[in-house]
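# Structure assessment
Letter by letter, the chains look like this.
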Amino acid sequence: AEKWWDKNGDFKPLHVINPLRAKYIEDKITCNGKEILDVGCGFADMYVYLKQIGWKGNYEGIDINSNLVEIATNLHPDVKFQNKDFLSSNISNKYDWVLSSGIFNAQLLHEDNMKYIKNMLKKMYQTSLKGVSSDFMSTYVDFQHPDAYHTNPSELLEFLKSEINTNQVIRMDYLQYEFCVYLKK
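In this report, we go over the structure that sits alongside the text.

What follows is about the overall build of the protein chain. Within the protein chain, the regular secondary structure consists of five helices and seven strands. Going from the N terminus to the C terminus, the protein chain shows its helices and strands as α-β-α-β-α-β-β-α-β-α-β-β. Taking the contacts inside the protein chain whose residues are at least 6 apart along the sequence as the reference set, 63% of them involve residues at least 24 apart.

What follows is the structure, encoded as structure tokens:
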């Protein structure tokens, strides 16, 4: 975690990309004054971005990593963070928007990535009142790192259309190797 804070260190690319990701996740939804759940919130970078653009509303973060939740809680003591597995936990609250950024980009070792993505998006959609926004690394690239997971946009959109919602927007115009999906109710 200490390496994360060095904006010129190993994680420099993420310091550049994360605000851009957040902008595109937030771009097609009206979240000002709304209740937001950030799934896989990490250090609460999404919260930081939203505050920088003048957002007002109720933000909650959830992450499976207790170290990240502890750091986020120390950085933002006025925000509610939950240390739990979103997929296996009973989430009784409903949120206007359920957002995630960068949580589907690692190659899973003990689980099928696409099955995990589908289950997560179903639960995120069920937990939302207005919709879901999430980003993915695309298979439409000329290089894929072996430790990264690249989601096939066509496969994902077919799943979303057939099993979740036909009211969807996909953006593939902000990074050459990523795309953002919006599912609106």
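After presenting the structure, the write-up continues.
Attention now goes to the packing of aromatic side chains. What describes a pair of aromatic rings is the distance from one ring centre to the other and the angle between the planes of the rings. On inspection of all chains with the given rule, the structure shows five aromatic pairs. Here Tyr59 and Phe81 contribute two aromatic rings whose centre-to-centre distance is 6.3 Å and whose plane-to-plane angle is 70°, an arrangement assigned as edge-to-face. Here the residue Tyr59 occupies a position in strand 2 (residues 58-63), and Phe81 occupies one in strand 3 (residues 80-83), the gap between them amounting to 22 residues. Measuring from centroid to centroid gives 5.3 Å for Phe136 and Phe179, while their planes differ by 20°, and the two rings are stacked. Placement of the pair is Phe136 in strand 5 (residues 128-137) and Phe179 in strand 7 (residues 178-184), with a sequence separation of 43 residues. For the pair Phe136 and Phe179, one class covers both residues: buried. Ring-pair connections join several aromatic residues into one group, and the members of that group are Phe104, Tyr116, Phe136 and Phe179.

Before going further, it helps to spend a moment on the pattern of salt bridges. For the structure shown, the criterion picks out four salt bridges. The residue Glu158 makes a salt bridge to Lys161 at a minimum N-O spacing of 3.4 Å. Separated by three residues within a single helix, Glu158 and Lys161 lie in helix 5 (residues 153-163), roughly one turn from each other. Its relative accessible area of 46% is what places Lys161 among the partly exposed residues. Residues Asp173 and Arg171 are paired through a salt bridge, measuring 2.8 Å at the closest nitrogen-oxygen approach. Looking at Asp173, the relative accessible area reads 52%, which means it is exposed.

Our next topic: the pairing of strand 4 (residues 95-100). Among the six residues of strand 4, six are classified as buried, and the element is accordingly described as predominantly covered. Of the strand pairs in this sheet, strand 1 (residues 35-39) and strand 4 are connected by three bridges, and their pairing is parallel. Considered in strand 4, the bridge of Leu37 is made with Val98. Across five bridges, the pairing between strand 4 and strand 5 is parallel. Each residue of the ladder has a partner; that of Val98, found in strand 5, is Val132. At this point the chain moves from strand 4, through helix 4 (residues 113-127), to the parallel strand 5, and the crossover so formed is right-handed.

Time to look at unusual backbone geometry. Positive phi outside glycine occurs at Ala44, with the angle close to 75°. Its place among the elements puts Ala44 in the loop between strand 1 and helix 2 (45-52).

The rules behind the values
- Residues numbered from 1 in each chain as written.
- Predicted model: local features only at pLDDT ≥ 70, side-chain atom pairs only at ≥ 80, totals over all residues.
- Heavy atoms only, no water.
- Helix = DSSP H or I, 4+ residues; strand = E, 2+ residues; numbered from the N terminus.
- Contact = heavy atoms within 4.5 Å.
- Phe/Tyr/Trp six-rings, centres within 6.5 Å; stacked < 30°, edge-to-face > 60°.
- Buried < 20%, exposed > 50% of the residue type's maximum accessible area, 1.4 Å probe, protein only.
- Salt bridge = Lys/Arg side-chain N within 4 Å of Asp/Glu carboxyl O.
- Pairing = 2+ DSSP bridges.
- Right-handed = clockwise from strand over helix to strand, strands pointing away.

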